[in-house]
Amino acid sequence: MSILAVSGAGMGAGIAVRGLRRWQRANVLGTFISIVIIGALLAFAPSTPLYFFGRAFALDAPTRTFLLALFGATSALALFTPLTFERARDAPAQVVANSQGAFFFFAFASLVVAMTLDSFPLAVFAWAIGLIVLMLSARPQSEGRVGGAAQFLLLIVMASASLLLAHRFIELYPITPENLDLVRNAVIFLALGFGLLIAIAPLHIWLGPLADELLPLGVAFLVGVAQAVGVWLLWQQMNTVTWLVTRSPLLNALIIGGGLTAFLGALLALAERRDARALAYLAMVPLGQVCVGLGVGTSIALAGALGALANRAWSVALIAGGMSFARHHSARRWQLIGAGAIVLGGIALAGIAPSLGWSANYAIGREVSARDPLLFAVLVASNALALLAIARITWRIVSARSEAEESNANASVLFAGVVAMLVLVAMLVGAGMFPQMLEPIK
């Protein structure tokens, strides 16, 4: 078994789930079998590098642990997809909506390649492919004008070109170390490329229009899984090219951008009423924490940043699952289950104990409070505002009147969704109480 088998299994799972999009029970069963197969391959794939056409695919302990964390979020989102199922029609938009899980598996297969390749340009290319595949699940809302998904495709091209230019400057600098312009140019293009695709403020302006064309589950995969791979690539580049940290303003840019991202995301989420947009803006809050942790640069802060990435993936998946219950199943008990999932996911996302977000934010906050009390206050205020936004979303669900007594979904679909929620909650609480579970990442 090798990492290519994991990627191939992801592609096969996408094909199988896509083919079963018209049958709820078969879709759930196919999704579950795919999760078991991919999870087993990923957990037991050998650590020995695989050489393919002169390039190495390496699956060391930190990469494996982080991939398993992201696959946990991907699996939950794929199991939540049948909750939004509607009877098969020929309308393309509905066919796409019923096939979301397939796009998650397709995109994850490409992201696995991105995280294990030993070449930064090829890893960026694989990451971009994963983002593009996810855009196939978007549903344009209007005719005659460019939508959010089309705009994002253009941004992918621009950001990928920026990252490739940055890599070229990084290669040239050791040849002429006296040319500090190469350092400056490398940082500018790295900040532009990663800032656009990861949605670091003020380069987040595409996030709202794109969220209008994705269901909350698609938004959760984008911000929780796909963007986390981009942060991982940035972190790997910082470890590989050490002069980016010591001879450039990259760390200061991450700290400033992180503080702005967290606070602005909280404000936007508090004012937003649309589910997908609210989820996208809420995800900016922990992203700001991650950027600050990377910018501080100490071992404790870095460990907190990587833990916050895993917490972000799991918590946004839990919130998206709750929204799927609340918006697609009007029976009162399912409304309450959805509201409960949103509350628990919001508590984790805002860093409230005993979730993983608490231990991650504590590690970051302990370092930040001693260096910059004002930034620490901004991060605390951002988490408080995010919690208020979650309370507002939940109150609208709880206070709404039930329109039906029973759900038209199969019991197996609802059961799978509830189990996926419980597993996410257990992961968030378990990793919060025992953060050493993620020790290999650190």
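Residues numbered from 1 in each chain as written. Predicted model: local features only at pLDDT ≥ 70, side-chain atom pairs only at ≥ 80, totals over all residues. Heavy atoms only, no water.

Undergrad: Hey, could you run me through the overall build of the protein chain in this one?
TA: Check the secondary structure of the protein chain and you find 19 helices and 2 strands. Against the globule reference of 22 Å for 442 residues, the protein chain gives a C-alpha radius of gyration of 21 Å, in line with a compact fold. Projected onto its principal axes, the C-alpha positions of the protein chain cover 70 × 50 × 50 Å. Within the protein chain, buried positions represent 59% of all 442 residues. Put simply, 79% of the contacts in the protein chain that link residues at least 6 apart link residues at least 24 apart. As displayed, the protein chain has an accessible area near 17,600 Å², and 68% of this comes from carbon and sulfur atoms. (Helix = DSSP H or I, 4+ residues; strand = E, 2+ residues; numbered from the N terminus. Rg over C-alpha atoms; globule rule 2.2 N^0.38 Å. Buried < 20%, exposed > 50% of the residue type's maximum accessible area, 1.4 Å probe, protein only. Contact = heavy atoms within 4.5 Å. Areas by Shrake-Rupley, 256 points an atom, 1.4 Å probe, with all protein chains shown as cover.)

Undergrad: Would you explain the nonpolar core in this entry?
TA: Proteins that are soluble and globular tend to have nonpolar side chains buried together. Formed by 153 residues in total, the largest nonpolar core has its most connected members in Trp127 and Phe152. Those residues in contact with Phe152 that sit more than four places away from it in its chain are Leu131, Met135, Leu197, Trp206, Leu210 and Leu222. Counting residues in hydrophobic clusters, the runner-up holds 8 residues, among them Ala262, Val292, Leu375 and Leu379. (Core = buried A, V, L, I, M, F, W, Y, C linked by side-chain atoms within 4.5 Å.)

Undergrad: Honestly, unusual backbone geometry in this entry has me stumped. Any pointers?
TA: Trans is the prevailing form of peptide bonds, just as negative phi is the prevailing case for residues other than glycine. A cis amide bond, omega 5°, links Ala201 with the succeeding residue Pro202. For Pro202, the location among the structural elements is in the loop between α8 (180–198) and α9 (207–211). For the peptide bond that leads from Ala353 to Pro354, omega is 5°, which places it in the cis range. Topologically, Pro354 is positioned in the loop between α16 (332–349) and α17 (356–371). For Ala199, which is not a glycine, the phi torsion comes out positive at approximately 70°. Position of Ala199 among the secondary structure elements: in the loop between α8 and α9. When its relative accessible area of 1% is taken as the criterion, Ala199 is described as buried.

Undergrad: Before we go on, may I ask you to explain a nonpolar patch on the surface in this structure?
TA: Together, Leu29, Phe32, Ile33, Val36 and Ile37 give the surface a local cluster of nonpolar side chains, amounting to about 460 Å² of exposed area. Positionally, Phe32 belongs in helix α2 (residues 24–44). (Patch = residues over 30% accessible without salt bridge, like charges linked within 9 Å, V, L, I, M, F, W, Y side chains within 5 Å. Salt bridge = Lys/Arg side-chain N within 4 Å of Asp/Glu carboxyl O.)

Undergrad: Before we go on, may I ask you to explain the environment of Leu254 in this structure?
TA: Inspection of the secondary structure puts Leu254 in helix α12 (residues 250–271). For Leu254, a relative accessible area of 7% corresponds to the buried category. Through-space distance from the C-alpha of Leu254 to that of Gly195 is 9.6 Å; in sequence the pair is 59 residues apart. Contact partners of Leu254, with chain neighbours within four places excluded, come to Leu234, Met238, Cys291, Val292, Leu294 and Gly295.

Undergrad: So what exactly am I meant to see when it comes to helix α10 (residues 216–240) here?
TA: Two residues of an α-helix separated by three or four positions point the same way, owing to the 3.6 residues in each turn. Over its 25 residues, α10 runs 35 Å from end to end, which matches the ideal 36 Å to within 8%, given 1.5 Å per residue. Of all bends in α10, the biggest is about 30°, found at Gln227. Summarising burial for α10: 22 of the 25 residues are buried, a large majority. (Expected span 1.5 Å × (residues − 1). Bend = angle between axes of the 7 residues up to and from the residue.)

Undergrad: What exactly am I supposed to notice about the packing of aromatic side chains here?
TA: For any pair of aromatic rings, geometry is given as the distance between the ring centres together with the angle between the planes. What the rule picks out here adds up to 11 aromatic pairs. Arranged with centres 4.7 Å apart and planes meeting at 15°, the rings of Phe66 and Trp232 form a pair that is stacked. Of this pair, Phe66 sits in helix α3 (residues 61–80) while Trp232 sits in helix α10; the two residues are 166 residues apart in sequence, bridging distant segments of the chain. Here Phe66 matches Trp232 in class, with each residue buried. Summarising the aromatic geometry, the rings of Phe120 and Phe194 are spaced 6.3 Å apart at their centres and angled 55° between planes, so their arrangement reads as tilted. Within this pair, whereas Phe120 is found in helix α6 (residues 120–135), its partner Phe194 is found in helix α8, the two being separated by 74 residues in sequence. Residue Phe120 is classed as buried on the basis of its relative accessible area of 9%. (Phe/Tyr/Trp six-rings, centres within 6.5 Å; stacked < 30°, edge-to-face > 60°.)

Undergrad: Is there a simple way to explain the pattern of salt bridges in this structure?
TA: Two side chains bearing opposite charge may form a pair once their charged atoms approach each other closely. Here the structure, examined in full by the defined rule, presents 4 salt bridges. In this structure, Asp212 and Arg277 form a salt bridge, with 2.7 Å as the shortest nitrogen-oxygen distance. With Asp212 in the loop between α9 and α10 and Arg277 in helix α13 (residues 275–282), the pair connects residues that are 65 residues apart, well separated along the chain. Asp212 sits in the partly exposed class, given a relative accessible area of 29%. Arg327 is paired through a salt bridge with Asp275; the nearest N and O atoms lie 2.5 Å apart. With Arg327 in helix α15 (residues 299–328) and Asp275 in helix α13, the pair connects residues that are 52 residues apart, well separated along the chain.

Undergrad: Quick question: what am I supposed to make of the packing of α15 against α16 here?
TA: For any two helices packed against each other, one specifies the crossing angle of their axes together with the interaxial distance. One can describe the packing of α15 onto α16 by two numbers: an axis separation of 7 Å at closest approach and a directional angle of 160°. Considering their axes alone, α15 and α16 lie roughly antiparallel with respect to each other. Where α15 crosses over α16, the handedness of that crossing is left-handed. Contacts between α15 and α16 involve Asn311, Ser315, Val316, Leu318, Ile319, Gly322, Met323, Phe325, Ala326 and Arg327 on the former and, on the latter, Trp334, Gln335, Ile337, Gly338, Ala341, Ile342, Leu344, Gly345, Gly346, Ala348 and Leu349. Broken down by class, the residue content of the contact of α15 with α16 amounts to 13 nonpolar, 7 polar and 1 charged. (Axes fitted to C-alpha atoms, helices over the stretch in contact; angles between N-to-C directions. Parallel < 35°, antiparallel > 145°, perpendicular 65-115°, else oblique. Left-handed = near helix turned anticlockwise from the far one by under 90°. Nonpolar A, V, L, I, M, F, W, Y, C, P; charged D, E, K, R; others polar.)

Undergrad: Sorry, what's going on with the side chain of Ser162 here?
TA: Considering the arrangement of structural elements, one finds Ser162 in helix α7 (residues 148–172). You can call Ser162 buried: its relative accessible area is 7%. In this structure Ser162 touches Phe189, Leu192 and Gly193, once residues within four positions along its chain are discounted.

Undergrad: Looking at this structure, I do not really get the side chain of Asp275. What am I missing?
TA: What makes Asp275 buried here is its relative accessible area of 15%. Setting aside anything within four residues of it in sequence, one finds Asp275 in contact with Pro216, Met323, Arg327 and Arg396.

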